[in-house]
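Listed below are the residues making up each chain.
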Amino acid sequence: MRRALVVGGSIGGLFAGNLLAKSGWDVTVAERTRGPLSGRGAGIVTHPALLDALGRAGVPAGTPLGVSVAGRRVLARDGSILGEHPYPQILTSWARLHSLLEDAFDPARIERGRVATVVRQGTASATVHFADGGMIEADLVVAADGIRSVLRAQLLPEVRATYAGYVAWRGLAEEAALSPAAREAIFGHFAFGLPEGEQMLGYPVAGAGEAISAGHRRYNFVWYRPAPPEELGRLQTDGFGRQHPNGIPPHLLRPEIVAEMRAAAESLLPAAFAEVVAITAQPFVQPIMDLEVPEVAHGRVALIGDAAYVARPHCGMGVTKAAMDAMSLSDALQGADVPAALTRWAPERVATGRALVQHARHLGAYMQASRITAEEAAMAERYRSPVSVMRETAVPPILEL
Ligand SMILES: Cc1cc2nc3c(=O)[nH]c(=O)nc-3n(C[C@H](O)[C@H](O)[C@H](O)COP(=O)(O)OP(=O)(O)OC[C@H]3O[C@@H](n4cnc5c(N)ncnc54)[C@H](O)[C@@H]3O)c2cc1C
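Quick caveat: nothing in here was measured; it's all calculated off a predicted structure.

A. Focus on the sheet that holds strand S15 (residues 284-290). The eight strands lie next to each other as S3-S5-S4-S12-S13-S14-S11-S15, forming an open sheet whose pairing is mixed. The sheet terminates laterally at strand S3 (43-45) and S15, the two strands that pair on one side only. Looking at each pair of strands side by side, their axes are set apart by 30° on average, direction ignored. Where helix H3 (residues 94-104) meets the sheet, its contacts fall on S3 and strand S5 (81-93), and the angle it forms with S5 comes to roughly 30°. Sheet strands touched by helix H5 (residues 180-187): strand S4 (67-75), strand S12 (190-193), strand S13 (199-205) and strand S14 (218-226). Its angle to S4, the strand with the most contacts, is close to 95°.

Okay, here's the thing in structure tokens:
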């Protein structure tokens with residue numbers, strides 16, 4: 001039986017773990033975090049490829065994933081409807097997807113609290129070393145350790161994630177706490193508000209305990225706002241003056257920063273969205289990043305998910321791309337020698353990853369605090385209209401590979 005070690009037990013790692021186990025591999029998943037991950041995260045849009053991948057990973061067909069909407073709408077600042085676009089979609093959450101994938105995987109094969117530090121490759125196997133002094137040898141290593149992947153940093157030290165010049169404020173508001181007017185305006189829709197140079201979007205998701213009945217759901221919002229690097233530094237500085245360059249934990253956000261953000265929502269956003277922001281108990285802020293690698297196959301090591309490519313969230317493809325990476329990887333490995341199979345697998349994933357990063361960069365160009373290229377300026381014009389925002393956001397793009 002061929003042995004696979006998956007480093008990282010988030011969405012990408014658990015897709016790979018499940019799919020490889022189903023095709024006969026002896027799989028271990030090593031995850032840095034000791035406790036459960038499932039309590040975290042916010043909303044996730046689904047696409048047909050994600051639903052296929054869940055089925056292949058062992059999640060039974062018909063398992064409820066979240067809340068369905070029939071279409072999109074854009075609200076003007078005064079609350080009037082600027083446009084509508086039919087686009088049925090199921091909106092789920094990171095926690096829901098993660099727990100379904102975890103339930104599908106043999107719990108005895110997840111090693112928690114294991115921090116990978118380095119991978120060493122010989123001719124017949126690869127060995128990952130851990131911070132606890134241990135090591136695991138395998139025929140295949142899947143690096144699913146996210147945007148700050150240590151395995152990628154070892155294999156491709158020149159690659160860096162770059163800050164796009166804007167942030168996303170995010171959070172979840174309880175449906176029951178929303179006024180009837182706000183519910184009417186946005187709750188049944190994937191809705192947008194478009195203040196100058198910014199974008200607010202929101203959609204309903206399941207509430208506590210995965211409840212999807214009316215009154216018990218939540219509204220997930222994502223508000224993109226330009227922030228030059230010095231402003232990002234300010235947002236990510238806690239009350240003790242400490243900077244958190246890799247992301248500030250929500251509970252360390254300074255109250256004055258959150259108050260400023262809520263005041264800006266009041267002055268810039270349609271009232272329904274301002275209300276969502278006002279009643280969200282624990283908003284959080286994330287810098288928007290781009291990450292690309294020149295190669296995803298390195299001997300017996302495959303880079304997947306955010307360890308390889310991070311596209312800005314505008315096409316909502318982060319989770320789906322990680323699932324597609326894992327599906328194509330397990331297909332490519334059927335019966336083949338590992339390094340040769342990875343070499344054959346890689347070109348299509350590189351082309352897809354690059355094209356996605358580029359497309360998402362174009363969709364987000366109009367929110368960048370400063371624009372650097374003529375192409376970005378042209379794309380900023382092209383993708384800022386309500387019609388293109390409704391048609392292109394959180395929709396799988398047709399990529400030119
Ligand atoms: C807790 C959590 C919540 C998230 N919530 C959302 C969300 O609400 N919306 C959204 O769009 N995206 C969210 N994401 C990101 C989303 O999962 C990814 O963008 C996408 O699914 C690709 O996932 P990934 O598995 O490649 O990377 P990630 O999800 O980043 O997972 C990487 C995993 O590797 C582990 N890891 C890192 N370094 C090591 C190491 N050295 N050794 C062992 N393990 C390591 C991390 O703990 C993590 O579990 C979340 C990620 C996490 C970890």
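B. Looking closely at helix H1 (residues 11-22). Its twelve residues give H1 an end-to-end C-alpha distance of 17 Å, which sits within 8% of 16 Å, the value for a rise of 1.5 Å per residue. Counting buried positions over the twelve residues of H1 gives ten, a clear majority of the element. Three or more residues of H1 are buried, namely Ile11, Gly12, Gly13, Leu14, Phe15, Ala16, Gly17, Asn18, Leu19 and Leu20. Note on H1: the residue one or two positions beyond its end, Gly24, has a positive phi of about 100°.

C. Main features of the site of the ligand. As a matter of local geometry, the ligand sits amid 30 residues, with Ser10, Glu31, Ala42, Trp94 and Asp306 nearest to it. In the environment of the ligand, an oxygen atom lies 2.8 Å from a nitrogen or oxygen atom belonging to the backbone of Gly12. Ala116 is positioned with one of its backbone polar atoms (N or O) 2.9 Å from a nitrogen atom of the ligand. Protein contacts shield 85% of the accessible area of the ligand, which totals 910 Å² for the unbound molecule. Of all the secondary-structure elements, those providing two or more residues to the shell around the ligand are H1, strand S2 (26-31), S3 and helix H9 (318-332). Its residues placed into classes, the shell around the ligand shows 13 nonpolar, ten polar and seven charged.

D. Region of interest: the side chain of His47. Tracing the backbone through its elements, the reader meets His47 in the loop between S3 and helix H2 (48-57). Judged by relative accessible area, His47 falls into the buried class, the value being 2%. There is a polar contact of 3.4 Å between the side chain of His47 and the backbone oxygen of Cys315. If near-sequence neighbours (up to four positions away) are discounted, His47 is found in contact with Gln89, Cys315, Gly316, Met317, Thr320, Ala394, Val395 and Pro396.

E. Structural detail: the pairing of strand S7 (residues 116-121). Judged from the five bridges that link them, S7 and strand S8 (residues 126-130) form a sheet pairing that is antiparallel. Bridged to Ala116 within S8 is Phe130.

F. Fine view of the pairing of S12. Burial along S12 is two-sided: Phe190 and Phe192 and Ala191 and Gly193, pointing in opposite directions, are all buried. Pairing of S4 with S12, which is carried by four bridges, proceeds in the parallel orientation. Each residue of the ladder has a partner; that of Arg73, found in S12, is Ala191. Pairing between S12 and S13: three bridges, direction antiparallel. Bridging from a neighbouring strand, Phe192 pairs with Leu201 of S13. Turn length for the S12-S13 hairpin, with the two strands adjacent in sequence and antiparallel, is five residues, and the turn residue Gly197 shows positive phi of about 70°.

G. Region of the structure containing the packing of aromatic side chains. Counted according to the given criterion, the structure contains four aromatic pairs. Consider the rings of Phe187 and Tyr219, whose centres lie 5.5 Å apart with planes at 45°: the pair is tilted. Residue Phe187 is found in helix H5, and its partner Tyr219 is found in strand S14; the two are separated by 32 residues along the sequence. Taken individually, Phe187 and Tyr219 each receive the classification buried, so the pair is uniform in this respect.

H. Region of interest: the domain arrangement of the protein chain. For the protein chain, the assigned domains are domain 1 (3-41 + 96-161 + 290-373) and domain 2 (67-93 + 164-289). With 18 residues of domain 1 at the contact, the number on the domain 2 side is 18 residues. Of the roughly 1500 Å² buried between domain 1 and domain 2 on both sides combined, carbon and sulfur atoms contribute 58%. Per-residue buried area on domain 1 facing domain 2 is highest for Arg96, Tyr366 and Met367; these three make up 38% of the total on that side. Here domain 1 is connected to domain 2 by one salt bridge. For Glu210, the salt bridge goes to Arg96, with nearest N and O atoms at 4.0 Å. Across the contact surface, domain 1 and domain 2 share six residue pairs in polar contact (both at pLDDT 80 or more). Classifying every residue of the side of domain 1 that touches domain 2 by side-chain character gives ten nonpolar, four polar and four charged.

Rules of the game
- Residues numbered from 1 in each chain as written.
- Predicted model: local features only at pLDDT ≥ 70, side-chain atom pairs only at ≥ 80, totals over all residues.
- Heavy atoms only, no water.
- Pairing = 2+ DSSP bridges.
- Helix = DSSP H or I, 4+ residues; strand = E, 2+ residues; numbered from the N terminus.
- Axes fitted to C-alpha atoms, helices over the stretch in contact; angles between N-to-C directions.
- Contact = heavy atoms within 4.5 Å.
- Expected span 1.5 Å × (residues − 1).
- Buried < 20%, exposed > 50% of the residue type's maximum accessible area, 1.4 Å probe, protein only.
- Near = heavy atom within 4 Å.
- Polar contact = N/O pair within 3.5 Å; in protein donor to acceptor, adjacent residues only side chain to side chain.
- Areas by Shrake-Rupley, 256 points an atom, 1.4 Å probe, with all protein chains shown as cover.
- Nonpolar A, V, L, I, M, F, W, Y, C, P; charged D, E, K, R; others polar.
- Phe/Tyr/Trp six-rings, centres within 6.5 Å; stacked < 30°, edge-to-face > 60°.
- Domains from an automatic or database assignment.
- Buried area = accessible area lost by both parts, 1.4 Å probe.
- Salt bridge = Lys/Arg side-chain N within 4 Å of Asp/Glu carboxyl O.

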